[in-house]
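What follows is each chain in one-letter form.
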Amino acid sequence: GIYWNETDFLLRTIEVRDGALHYVREEGNATELGALEASEFVMLGVGVQVDVKFPKSGESEAPTMTVEVEGQDLLTFRRLEAVPDESLAEYDGTYWSDDLGRELRLRVEEGQVLVSWADEDRQVTAVQLEVDKLLARAFVPVPWYPQDVRILLERNESGEITGLDMSCDMVRQLWFARKVSD
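Residues numbered from 1 in each chain as written. Predicted model: local features only at pLDDT ≥ 70, side-chain atom pairs only at ≥ 80, totals over all residues. Heavy atoms only, no water.

Draft legend 1. Region of the structure containing the pattern of salt bridges. Counted by the stated rule, this structure contains nine salt bridges. In this structure, arginine 78 and glutamate 130 form a salt bridge, with 3.1 Å as the shortest nitrogen-oxygen distance. You can see arginine 78 sitting in strand E8 (residues 75-79) and its partner glutamate 130 sitting in strand E12 (residues 124-130), a full 52 residues away along the chain. Residue arginine 107 is joined to aspartate 92 by a salt bridge in which the shortest nitrogen-to-oxygen separation is 3.3 Å. (Salt bridge = Lys/Arg side-chain N within 4 Å of Asp/Glu carboxyl O. Helix = DSSP H or I, 4+ residues; strand = E, 2+ residues; numbered from the N terminus.)

Rendered as structure tokens:
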């Protein structure tokens, strides 16, 4: 599953690769997990004690994952739930930033939201964190520090999407208005 930590802006995936469970930070950066108990694991080969646990959640709570690195504060992640394809369709469109003088595109294809600049071919798949809130991994391709971008869609009183705010380490709440022609 996919897990999100809002406080520290961290997205992690837990997946099975070659018959073993892995903790995935980003593509190409995964660590195998060794089982301690049914819902408790330890990272293998990292040089420090890192415990990964999946505490039992109440019926009304989203499942969580905790990560405890020796000598550091406990990190708590909540599992992201799958979003029905039809609810993503309304994100599809072109958005304009007066500040940048540039268009941003959100396209929905095969149940995924693809984010791109209108004048570039490069697309990044966004993860839906919650309703109207997306995360585009490594969208700002700075070679030494690719940045994830948070996208918060804004709606008017009628529930129509009017635009979005984009934020990353370098920028906070950069406004993009939805183009009416969409």
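Draft legend 2. Up close: the nonpolar core. Core analysis: the biggest nonpolar cluster contains 23 residues, and Leu106, Phe139 and Leu164 have the highest contact counts within it. The element best represented in this core is strand E13 (residues 133-140), accounting for four residues. Discounting chain neighbours no more than four positions away, the residues touching leucine 106 are Tyr91, Asp92, Gly93, Tyr95, Val113, Leu114, Val115, Leu134, Ile151, Leu153 and Leu164. Within the second largest apolar cluster, 14 residues are counted, among which are Leu10, Tyr23, Met43 and Val52. (Core = buried A, V, L, I, M, F, W, Y, C linked by side-chain atoms within 4.5 Å. Buried < 20%, exposed > 50% of the residue type's maximum accessible area, 1.4 Å probe, protein only. Contact = heavy atoms within 4.5 Å.)

Draft legend 3. Local environment of the layout of surface pockets. Here the largest pocket is characterised by a volume of approximately 900 Å³. Taken together, 33 residues make up the lining of the largest pocket; nearest its centre are Leu11, Thr13, Arg25, Val127 and Arg137. Elements with a contribution of two residues or more to the lining of the largest pocket: strand E2 (10-17), strand E3 (20-26), strand E11 (112-117), E12, E13 and strand E14 (147-155). In terms of residue count, the dominant contributor to the lining of the largest pocket is E2 (six residues). Classifying every residue of the lining of the largest pocket by side-chain character gives 15 nonpolar, seven polar and eleven charged. Here the second largest pocket defines a volume of roughly 150 Å³. Partitioned by chemical class, the residues of the lining of the second largest pocket number eleven nonpolar, no polar and no charged. (1 Å grid on protein atoms, 1.4 Å probe; cavity = no way out; pocket = protein on both sides within 12 Å on 5 of 7 lines; lining within 4 Å. Points joined across faces, edges and corners; volume = space filled by probe spheres on them. Nonpolar A, V, L, I, M, F, W, Y, C, P; charged D, E, K, R; others polar.)

Draft legend 4. Inspection of the sheet that holds E14 at higher detail. An order of E9-E10-E11-E12-E13-E14-E15-E16 is seen for the eight strands of this closed barrel, with the pairing classed as antiparallel. Going across the sheet, the axis of each strand differs from the next one's by a mean of 30 degrees, ignoring polarity. (Pairing = 2+ DSSP bridges. Axes fitted to C-alpha atoms, helices over the stretch in contact; angles between N-to-C directions.)

Draft legend 5. Representation of unusual backbone geometry within the structure. Positive phi is not limited to glycine here, since phenylalanine 9 has a value of about 60 degrees. Topologically, phenylalanine 9 is positioned in the loop between strand E1 (2-5) and E2. On the basis of relative accessibility, which here comes to 16%, the residue phenylalanine 9 falls in the buried class. With a phi close to 50 degrees, aspartate 18 is a non-glycine residue in the positive phi region. With respect to the helices and strands, the residue aspartate 18 is situated in the loop between E2 and E3.

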